[in-house]
Amino acid sequence: MCVLLIEAFYGGSHKQLMDLLQEELQEDCVLCTLPAKKWHWRARTAALYFMQTVPISPNYRILFASSVLNLAELTALRPDLGKLKKVLYFHENQLVYPVQKCQERDFQYGYNQILSCLVADVVVFNSAFNMESFLTSIGKFMKLIPDHRPKDLEEIIRPKCQVLYFPVRFPDVSRFMPEHKLAHFKKVIGAKRSGDAYQTVVLPGQQKCRALMKTSNAASKSGLCEAQPRLHTTQHEGLPSPLIAVARLNESEASESTNPCQEEDKQHLTFNLSNILSGQDYQQRPLHIVWPHRWEHDKGPETFFEVLLKLKEKDLPFHVSVLGEAFSEIPDIFSEAKKALGSSVLHWGFLPRKDDYFQALCMADVVISTAKHEFFGVAMVEAVYCGCYPLCPKALVYPEIFPAEYLYSTPEQLFKRLQNFCKRPDIVRKHLYKHINRSVQNA
């Protein structure tokens, strides 16, 4: 038995998932990838590339691919692959993915994903929000076709769909934590020390991944082969918790891509990281806010910096670390905000070493999301694992993952919460993060 893993955009969470699957399956899989560059071209042309490069083998039983790939095109070009059990994984969907202007939305990307679902045997989403936003948008999306529109596509696709939270694997971050966080960390994770690493804890979701990949029987009752009932609520019993870690020490990794726009900040980042680990008593330091997201418009950086500058105007004490990766086009607000925030900035830019990244998260108090789109939010989950108090929009996937006390409805509400925390940082430093919900904890 052999699983064929295909990733047309091998970077970020897409790479993270494929690497985890490859590690679990070991010699029982073949991985074929394209670099995480020029996303639009990958979505348009990857099928033709993989038609020529995927080795022919009689041993394949399962094809697992992310929704960047046009699965319909690939299976038409390679009939041998069309005979496999085909599993399609949605990190994000193009039917509701935000664009800066309505006319910029390219119909073809969403259309490709719909076609891929129609030829797939199993369709997996990383959250119920991702699944429902996709399925319930199909009808409206297809109305963009001027005439002779296909019908009942949601009803055809829905029975194939499942929710499987993104499996996250964490290192042992305890060595980076201040004392108050370390005490909380041990309570939340409940792991026992074994040498230099925590004992491995297997996610329920990871068990499902294994079950899925270990069978080629489409009628199997294990893994993701079960039909998912129609879901319309934001919390669902029995889904694996995205905040339960595979807590295990990983070696430091360097990102495959660094942005030259951030190169100038490397020494600045390392220097400041060393500074905050010594000197002033931790409890006496200003509130430390972290923003660990991609430097792109869909993550809402304008809202985040507007709130911070309002705190600055009121002379409230705080530090900020702006992490996350930048690409070729960086919104102007980043350079403007860096100058305006001045000495409040502790870190600015991408940290390519995983140890540096987790260390920065461990030294922060509050993690903020101002996203206009989010289908799971690995960075927020990582920050919470590192002991940060999360503040997220009361929208998108966040109500599905985080309890109500960590959600805000407006930028003004976010400002008021941060204003209070700036005045009393001990509130968040004494806070013990609450688990998602009882049904998930017991999954």
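These notes cover the structure that comes with them. (Residues numbered from 1 in each chain as written. Predicted model: local features only at pLDDT ≥ 70, side-chain atom pairs only at ≥ 80, totals over all residues. Heavy atoms only, no water.)

## As for the overall build of the chain
If you tally the helices and strands in the chain, you get 19 helices and 16 strands. Buried positions account for 55% of the 443 residues belonging to the chain. When contacts within the chain are restricted to residue pairs at least 6 apart in sequence, those whose partners lie at least 24 apart make up 77%. (Helix = DSSP H or I, 4+ residues; strand = E, 2+ residues; numbered from the N terminus. Buried < 20%, exposed > 50% of the residue type's maximum accessible area, 1.4 Å probe, protein only. Contact = heavy atoms within 4.5 Å.)

## Quick notes on the pattern of salt bridges
Under the definition given, this model contains 17 salt bridges. The residue D298 makes a salt bridge to R294 at a minimum N-O spacing of 3.0 Å. By relative accessible area, R294 is classed as partly exposed at 24%. Among the salt bridges present, the one from R429 reaches D365, with a minimum N-O distance of 2.9 Å. Here R429, found in helix α18 (residues 426-429), pairs with D365, found in the loop between α14 (354-362) and β14 (366-368); they are 64 residues apart in sequence, far enough to count as distant. Assessed through its relative accessible area of 2%, R429 is described here as buried. (Salt bridge = Lys/Arg side-chain N within 4 Å of Asp/Glu carboxyl O.)

## Some points on the nonpolar core
Counting 84 residues, the largest nonpolar core has F305, F402 and L418 as its most contacted members. The biggest single contributor to this core is helix α15 (residues 378-385), with seven residues. When neighbours within four sequence positions are excluded, F402 is seen to be in contact with M380, V384, P390, C392, L407 and Y433. Core analysis: the second largest hydrophobic core is formed by 43 residues, L4, C32, F50 and L95 among them. (Core = buried A, V, L, I, M, F, W, Y, C linked by side-chain atoms within 4.5 Å.)

## Focus: the sheet that holds strand β4 (residues 85-90)
Pairing within the open sheet is parallel, and its six strands lie in the order β2-β1-β3-β4-β5-β6. The open sheet has two edge strands with one neighbour each: β2 (29-35) and β6 (161-163). The sheet shows a mean angle of 20° between the axes of neighbouring strands, direction not considered. Bridge count for strand β5 (residues 122-125) against β6 is three bridges, and the pairing is parallel. (Pairing = 2+ DSSP bridges. Axes fitted to C-alpha atoms, helices over the stretch in contact; angles between N-to-C directions.)

## Concerning the state of the cysteines
Working definition: the covalent bond between the sulfur atoms of two cysteines is a disulfide. Inspection of every chain in the model, using the stated rule, returns zero disulfides. Counting only cysteine sulfurs, C161 is the nearest neighbor of C117, a cysteine outside any disulfide, at a range of 6.0 Å. (Disulfide = S-S within 2.5 Å.)

## Comments concerning the sheet that holds strand β16 (residues 407-408)
Read from one edge of the open sheet, six strands run β13-β12-β11-β14-β15-β16, paired in parallel fashion. Taken across any chain shown, the strands that pair with only one partner, and hence form the sheet edges, are β13 (345-348) and β16. Judged from the two bridges that link them, strand β15 (residues 389-393) and β16 form a sheet pairing that is parallel. Looking across to β16, one finds that P393 is bridged to Y408. Contacts between helix α12 (residues 301-313) and the sheet are confined to β11 (287-291), β12 (318-322), β13 and β14, with β12 contributing the most and set at about 160° to the helix. Where α15 meets the sheet, its contacts fall on β14 and β15, and the angle it forms with β15 comes to roughly 155°.

## Considerations on the pairing of β11
Working note: regular strand, side chains alternate between the two faces of the sheet. Counting buried residues in β11 gives five out of five residues, a clear majority hidden from the surface. Here β11 runs beside β12; their pairing, made up of five bridges, is parallel. From the neighbouring strand, L287 faces β12, where its bridge partner is F318. You can see the chain leave β11, run along α12 and come back into β12, and the turn it takes is right-handed. In the sheet, β11 pairs with β14 via two bridges, with the strands oriented parallel. By the bridge assignment for β14, I289 is matched with V366. (Right-handed = clockwise from strand over helix to strand, strands pointing away.)

## Topic: the side chain of D298
Note that D298 resides in the loop between β11 and α12. For D298, a relative accessible area of 2% gives the class buried. Only 2.8 Å separates the side chain of D298 from the side chain of H373, close enough to count as a polar contact. (Polar contact = N/O pair within 3.5 Å; in protein donor to acceptor, adjacent residues only side chain to side chain.)

## Some thoughts on the packing of aromatic side chains
A full pass over the atoms with the stated rule returns 24 aromatic pairs. Geometrically, the ring pair formed by W295 and W348 is edge-to-face, given 5.9 Å between the ring centres and 70° between the ring planes. Taken together, the residues W295 in the loop between β11 and α12 and W348 in strand β13 connect sequence positions 53 residues apart. The class of W348 is buried, set by a relative accessible area of 3%. Three or more aromatic residues joined by ring pairs make a cluster, and in this case those are W291, W295, F304, F305, F334 and W348. Sitting above the plane of the W41 ring, R44 keeps its charged end 5.2 Å from the centroid. (Phe/Tyr/Trp six-rings, centres within 6.5 Å; stacked < 30°, edge-to-face > 60°. Lys NZ or Arg CZ within 6 Å of the ring centre and 35° of its normal.)

## Points about unusual backbone geometry
Phi is positive for H148, close to 50°, though the residue is something other than glycine. With respect to the helices and strands, the residue H148 is situated in the loop between α7 (138-142) and α8 (153-157). A relative accessible area of 77% means that H148 is categorised as exposed.

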